[in-house]
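What follows is each chain in one-letter form.
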Amino acid sequence: MDVNDLLTDAYDRLPDLVESAVTGLSPEQLRQAPAAGANPVGWLVWHLTRIQDHHVADLLGEEQLWATGDWAGRFGLTPDPGDTGFGHGPERIAAVRPESDQVLVDYHRAVLDRTRAYLRGLRPADLDRVVDPNWDPPVTLGVRLLSVLADDLQHAGQAGYVRGLIQRG
């Protein structure tokens, strides 16, 4: 298996997780935290998609889909490319208000389509390129892509778990 196929297969596991976490939930359920201080399903899926959009756009040297499309308004937010959810407190988490389950699925699909196109063009040697020298050791492209994937998978799992909690409640 070549690296493109491997990475694409890994990222292609996300849509099913995203869709199973959000499909059929109302906007209110998407915003419902299962407990004080916990993240709601909608925020978790928004955040994992924002991180992927942010990082892949940076790797491409292009603008984020978040900043160029109508996505932000559909979440009740402004198209601030720096707003990925990192460091959000309760008020900012509550401000993420997806209009529907479908907007989460659609935004994730758009970002994933861009990621797939990027992955198709990679060569194995590209993965050794340093993309962030500010760490020790410096972060390579391969490490960045795996880091984004790991973060996305973790948050998708959390979203699925939270869905179960709010549907029981």
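Because the structure is a prediction, the values reported are computed rather than measured.

(A) Focus on the packing of helix α1 (residues 3-11) against helix α8 (residues 141-168). In the contact formed by α1 and α8, the axes pass within 10 Å of each other and the chain directions differ by 20 degrees. As summarised for this structure, α1 and α8 are arranged roughly parallel, according to the angle between their axes. Judged by the twist between their axes, the crossing of α1 over α8 is left-handed. Counted together, L7, A10 and Y11 of α1 and L145, L146, V148 and L149 of α8 form the full contact between these two elements. Here the residues of the contact of α1 with α8 are counted per class, giving seven nonpolar, no polar and no charged.

(B) Looking closely at the pattern of salt bridges. For the structure on display, the rule yields twelve salt bridges. Measuring nitrogen to oxygen at the nearest pair gives 2.8 Å for the salt bridge that ties R114 to E62. Of this pair, R114 sits in helix α7 (residues 101-120) while E62 is found in the loop between α4 (41-60) and α5 (65-68), placing the two residues 52 residues apart along the sequence. Accessibility expressed as a relative area gives 15% for R114, which makes it buried. What makes E62 partly exposed here is its relative accessible area of 45%.

(C) Focus on α7. Spanning 20 residues, α7 covers 29 Å between terminal C-alpha atoms, matching the ideal 28 Å at 1.5 Å per step. Along α7, the residues that are buried comprise D101, V103, L104, V105, Y107, H108, V111, L112, R114, T115, Y118 and L119. In this fold, the buried residues of α7 make contact with α1, α2 (14-22), α3 (27-31), α4, α5 and α8. Sitting at the head of α7, S100 places a side-chain oxygen 3.3 Å from the backbone nitrogen of Q102.

(D) Here's a closer look at α2. Looking at α2, one finds that the buried residues are L14, P15, V18, A21 and V22. What you see down the axis of α2 is that its buried residues fit within an arc of 135 degrees, all on one side. Of the surrounding secondary structure, the elements contacted by the buried residues of α2 are α1, α3, α4, α7 and α8. G24 lies just past α2 and shows a positive phi near 90 degrees.

(E) Geometry of unusual backbone geometry. Cis rather than trans, the peptide bond between D136 and P137 has omega equal to 5 degrees. Checked against the element boundaries, P137 lands in the loop between β1 (130-132) and β2 (139-140).

(F) Inspection of the packing of aromatic side chains at higher detail. Inspection of every chain in the model, using the stated rule, returns six aromatic pairs. The interplanar angle of 65 degrees and the centroid separation of 6.0 Å between the aromatic rings of W46 and W66 together place this pair among those described as edge-to-face. Remark: W66 occurs in helix α5 and W46 occurs in helix α4; sequence separation between them is 20 residues. With a relative accessible area of 0%, W66 lands in the buried category. Ring centres of W66 and Y107 lie 5.5 Å apart, and the angle between their planes is 50 degrees; on these two criteria the pair is classed as tilted. Of this pair, W66 sits in helix α5 while Y107 sits in helix α7; the two residues are 41 residues apart in sequence, bridging distant segments of the chain. Here W66 and Y107 have matching classes, each one buried. Taken together through their ring pairs, the aromatic side chains of W43, W46, W66, W71, F75 and Y107 make up a single cluster.

About the thresholds
The numbers attached to residues start from 1 for each chain and follow its sequence in the written order. Under the rules for a predicted model, residues below a pLDDT of 70 receive no local features and side-chain atom pairs below 80 are neither given nor counted, while totals for whole chains, interfaces and linings still include all residues. Only hydrogens and water are set aside when side-chain values are computed; all heavy atoms of the structure are taken into account. Every angle, taken between N-to-C directions, lies between 0 and 180 degrees, and every axis is a line fitted to C-alpha atoms, over only the stretch in contact when it is a helix. Numbering of helices and strands runs from the N terminus; a helix is a DSSP stretch of H or I covering at least four residues, while a strand is a stretch of E covering at least two. Oblique is the label for any angle not under 35 degrees, not over 145, and not in the 65 to 115 range, which are roughly parallel, roughly antiparallel and roughly perpendicular in turn. Left-handed describes a crossing whose near helix is turned anticlockwise from the far helix by less than a right angle; the clockwise case is right-handed. Contacts between residues were defined by any pair of non-hydrogen atoms, one from each residue, lying within 4.5 Å. Any residue that is not Ala, Val, Leu, Ile, Met, Phe, Trp, Tyr, Cys, Pro, Asp, Glu, Lys or Arg is counted as polar, Gly included; the first ten are nonpolar and the last four charged. Counted as salt bridges are all cases of a side-chain nitrogen of Lys or Arg within 4 Å of a carboxyl oxygen of Asp or Glu. Buried, partly exposed and exposed residues are distinguished by accessible area as a fraction of the type maximum, computed with a 1.4 Å probe on protein chains only: under 20%, between the cut-offs, and over 50%, respectively. Given the number of residues in a helix, its expected span is that number minus one, multiplied by 1.5 Å. We call two N or O atoms a polar contact when they sit within 3.5 Å, provided that within protein one can donate a hydrogen and the other can accept it, with sequence-adjacent residues counted only if both atoms are side-chain atoms. Taking the helix axis as origin, the arc is that swept by the directions to the C-beta atoms. Only the six-membered ring of Trp is used, alongside the rings of Phe and Tyr, when aromatic pairs are assigned; centres must lie within 6.5 Å, and planes under 30 degrees apart are stacked while those over 60 apart are edge-to-face, with the rest tilted.

Function cannot be read off these values alone, since they describe shape.
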